[in-house]
Structure formats: structure tokens, C-alpha cells
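Analysis of the macromolecular model
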Amino acid sequence: MRRKPPSPTILYKYYGPERADVFRSFRVRFSQLAALNDPFEFLIQAQPGDLWRNARRMAGRMTNVFGLIGLAIGAAFKAVRENEQLKPLPAWVRALALAIVLPVAIILTLLLGPFISKTLNKVMQAAADEFEVLLLEQVRKGLVLVFSCSETWASVPMWAHYAGNHTGFAIGLDPATAFPNNGPRSDKRFLPPVKVKYLKRAPRMNFLGRETAFLAAKMDHWAYEKEWRFMNMPDGAAQRGLVANGNELLLFDLRPQAIREIVLGANCTVETVAAILDAIADAGLDLDLYQVKRSTGYGFERLRIRTLDDLQVEASESGVVQDLKSITFSRIDTAFDDFRADVERDRIARWLANFGERS
């Protein structure tokens, strides 16, 4: 059994400059799978009948002798543990009750094996049918929502694609406490991030494995993103109803205390920086502030911003493009003016004559 990879201590979400308002609303969008920017997202290899065959194999594993004994043992332990009359009694009495109940539960379960197998097969067939409908329709339409992050701030393509060509910023989040889990059936207080796997082939649908693995699989072309994603359902949305590009915008609360860092882009304007600094000051956030800087060659780094003097930002420029003929080359014009003056004063002719006499 493969171990779940440990999540990084910080995950980064890239934003364009227009999203500086996130530090006031502290609400972020979880996107439908159909709204993601990869048209090949959410592809699986599944042949007709795959789900049903996998469901039958799973039912068979659960209803063989060892599976039935496991069910009986689990039921016996649960019955003794949850019995209200046994709870106040000493531990040795509860252990004795378990010793009596356990063999009876195993014998009854084995005797009822054929009935259990038949019933479970029906249930698994229904589950396969339901899951296929959800898989092909509801999941992609928005039953499952995604919030994508990266484990690195140092990706030039990410800054270009998701942060307004380096004019935006990246938020460094504590993944363990970023999003409260408001799901109706969950024992986890916060949403856990899931590491995306980059594959050369779409994953096969397998009821016996992780049936949700396809939700965290992408083409290997995207491997540079080093993506981790949080997955949620519409039920817990803090704000909904707006529609953009045919998809409903579902916004979820982001815990302000989970924001650990802000990394400003290399081309971040003074207007964007001012909006961010004002917002985090009003919110009273205690976080680390960085700015991406160019270094030698194609390299770049981020520098810690401790005072306003450390910032290197410029006001946004006009979008008007100047024609070449309208540009004044003053230094070149001055040099030519000096050359023409020398010609008019015969300085060049005299210099050539003197040069000829010396040579």
C-alpha cells in the first residue's frame, strides 16, 4: 500500500493584480472541473462495463470467508462498544461479553453468507450505476470543486500564466489550516490537499483502488506546476449565484490566519502593492512579505521586504504605443549637429590636410 505523500508546509496560489481584493474578502473560488484551463482534464480510461465488473470483484472480496469473518468481528466489537447497558460495567465484563458475542456473530455471518453476497452484489451494482452517472455528468458539472495551488513560488511560467505576466502576486498558505471543512459527512476539521499526479496516460477507472484518483491526475505536460489541489463540494460555499463564462462562481472562506507569505511579482505596480499593504494592515495580518527580483542571466530570486525602502515598484504606464517616427533621438541628433558644424567650418578638411602632412 502506497503511503500518502506528506503535504508541503506552504502552498502557493498565484493571482493577477485585479485579485488584491482577496485580502479584504478572504474568499476564493473553487472551480468546476469543466471550468479548468485544461480541456483534457478529467479524462479516464473506461470501457463499457468496467465499473460493474470492478463492483462485482469488490463485492466478491468482501463476501469471501475472510471478508465475512472480518464483517462479523467488526459488528461484534461495535455492538459491545455501543451497548448502553455495558458501558458502565468494568472492562473485564465487557471483554467477557465480547467473547460470548464474537463466535455467535461469526457463525451467523457465515450461515448468512449467500444472502449477504447476493444483497451486496445488488448494492454494488446500484453503486456502480449511480457512480457512472455522477462520473459522466454531475462531477464535471460541479459536484466536485477544485482549488489549485503549487508547492513552489519560483516558476516563471506560473507567474506568466496565472499572475498577470509577473504583475500579480502569490499567496503562501498553510495547507493544514487554510479551509474549514464544512462538508456534511467528514471527521476532518480542515480540507486536506491532494497531490496531483502527472501521467502520460489517463488513469483507468478502478473500483478496487482509489476511485477518486482521476480527480488528481493531469497530463505530464503540466508537471512544472507541481500542483496540489483542495477538493470541495458546493454545499459549503459562503457565496454563490454569480455566473461567469457559463459557470457559477462558488466562493469559499479562506482563513486569514493561514496566510503565511505574500510574494510580489517582479512587475508589480505601486497601485497593486498599495492595495495589498492597505488591506493586510487593516486585517492585522502577521506575515512575511517578499518581492521577486531579477538576478544574473536568466535567474531570479525573492528578497524579504522589511521596510518600504526595500520595494522596487513603478506606477502603471499608459498603454499608448508610440510610432518610431515620433521618437526623438536627441543624443544622435546632437552628434550629427556637431558633425555638420565641423563640415561647415572646414575643420574636417583642415584635419585631413594636417594628417596627410604628418604621414
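Please refer to the structure higher up on the page.
This one's a predicted model, so the numbers in the text were calculated from it and none came from an experiment.

**Details of empty space enclosed by the protein**
Using the criterion set out here, one finds one cavity of 30 Å³ or more in the structure. Counted as a void, the largest cavity has a volume near 70 Å³. Along its surface, the largest cavity is lined by Phe30, Phe179, Pro180, Asn182, Leu191, Asn232, Gly236, Phe252 and Asp253. Partitioning the lining of the largest cavity into residue classes produces five nonpolar, three polar and one charged.

**Description of helix H4 (residues 91–111)**
The end-to-end C-alpha distance of H4 is 30 Å, a good match for the 30 Å that 21 residues give at a rise of 1.5 Å each. If you check which residues of H4 are buried, you get Ala97, Leu98, Ala105 and Thr109.

**Quick notes on helix H3 (residues 65–82)**
In this model, H3 (18 residues) spans 26 Å end to end at C-alpha, consistent with the 26 Å of a helix rising 1.5 Å per residue. Residues of H3 that are buried include every one of Gly67, Leu68, Ala72, Ala76 and Val80, and no others.

**Some details on the pattern of salt bridges**
According to the stated counting rule, one finds 13 salt bridges in the structure shown. With a shortest N-O distance of 3.1 Å, Asp21 and Arg19 are connected by a salt bridge. On the basis of relative accessible area, Asp21 is assigned to the partly exposed category, the value being 42%. Since its relative accessible area comes to 22%, Arg19 is described here as partly exposed. When the shortest N-O distance is used, the salt bridge between Asp288 and Arg304 registers 2.9 Å. Taken together, the positions of Asp288 in strand E13 (residues 288–294) and Arg304 in strand E14 (residues 300–304) put the pair 16 residues apart, joining distant regions of the chain. One salt-bridge network, held together by shared partners, links Lys218, Glu225, Glu227 and Arg229.

**A few points about the pairing of E14**
Of the strand pairs in this sheet, E13 and E14 are connected by five bridges, and their pairing is antiparallel. When the bridges of E14 are listed, Arg294 appears paired with Phe300. Here E13 folds back onto E14 in antiparallel fashion, the turn holding five residues, of which Gly297 has a positive phi close to 65°.

**Observations regarding the environment of Ser25**
Among the structural elements, Ser25 can be located in helix H1 (residues 22–25). Residue classification places Ser25 among the partly exposed residues on the basis of a relative accessible area of 36%. Separated by 231 residues in the primary sequence, Ser25 and Pro256 place their C-alpha atoms 9.7 Å from one another.

**Some words on the environment of Ser295**
Inspection of the secondary structure puts Ser295 in the loop between E13 and E14. Ignoring anything within four residues of it in the chain, the contact list for Ser295 reads Phe300 and Glu301.

**Concerning the packing of H3 against H4**
Relative orientation of the contacting elements H3 and H4 amounts to 145°, with a least axis distance of 8 Å. Viewed along their axes, H3 and H4 form a crossing whose handedness is right-handed. Only Arg94, Ala97, Leu98, Val101, Leu102, Ala105, Ile106, Thr109 and Leu110 of H4 make contact with H3, whose side of the interface consists of Val65, Leu68, Ile69, Ala72, Ile73, Ala76, Phe77 and Val80. Class assignment for the residues of the contact of H3 with H4 results in 15 nonpolar, one polar and one charged.

**Here's the deal with the packing of aromatic side chains**
Applying the stated criterion across every chain, the model contains 10 aromatic pairs. Consider the rings of Tyr14 and Trp159, whose centres lie 5.2 Å apart with planes at 85°: the pair is edge-to-face. In this pair, Tyr14 is assigned in strand E1 (residues 11–15) and Trp159 in helix H6 (residues 156–162), connecting sequence segments 145 residues apart. Side by side, Tyr14 and Trp159 carry an identical accessibility label, which is buried. For the ring pair Phe23 and Phe169, a centre distance of 5.5 Å and an interplane angle of 40° mean the geometry is tilted. Note that Phe23 is positioned in helix H1 and Phe169 in strand E4 (residues 169–173), a separation of 146 residues in sequence. Phe169 shares its class with Phe23; the two are buried. A connected cluster of aromatic rings, assembled from ring pairs, spans Phe30, Phe147, Phe179, Phe230 and Phe252. Sitting over the ring of Phe147, Lys13 keeps its end group 4.6 Å from the ring centre. Note that Lys218 overlies the ring of Trp222, its terminal NZ or CZ placed 4.6 Å from the centroid.

About the criteria used
- Residues numbered from 1 in each chain as written.
- Predicted model: local features only at pLDDT ≥ 70, side-chain atom pairs only at ≥ 80, totals over all residues.
- Heavy atoms only, no water.
- 1 Å grid on protein atoms, 1.4 Å probe; cavity = no way out; pocket = protein on both sides within 12 Å on 5 of 7 lines; lining within 4 Å.
- Points joined across faces, edges and corners; volume = space filled by probe spheres on them.
- Nonpolar A, V, L, I, M, F, W, Y, C, P; charged D, E, K, R; others polar.
- Helix = DSSP H or I, 4+ residues; strand = E, 2+ residues; numbered from the N terminus.
- Expected span 1.5 Å × (residues − 1).
- Buried < 20%, exposed > 50% of the residue type's maximum accessible area, 1.4 Å probe, protein only.
- Salt bridge = Lys/Arg side-chain N within 4 Å of Asp/Glu carboxyl O.
- Pairing = 2+ DSSP bridges.
- Contact = heavy atoms within 4.5 Å.
- Axes fitted to C-alpha atoms, helices over the stretch in contact; angles between N-to-C directions.
- Left-handed = near helix turned anticlockwise from the far one by under 90°.
- Phe/Tyr/Trp six-rings, centres within 6.5 Å; stacked < 30°, edge-to-face > 60°.
- Lys NZ or Arg CZ within 6 Å of the ring centre and 35° of its normal.

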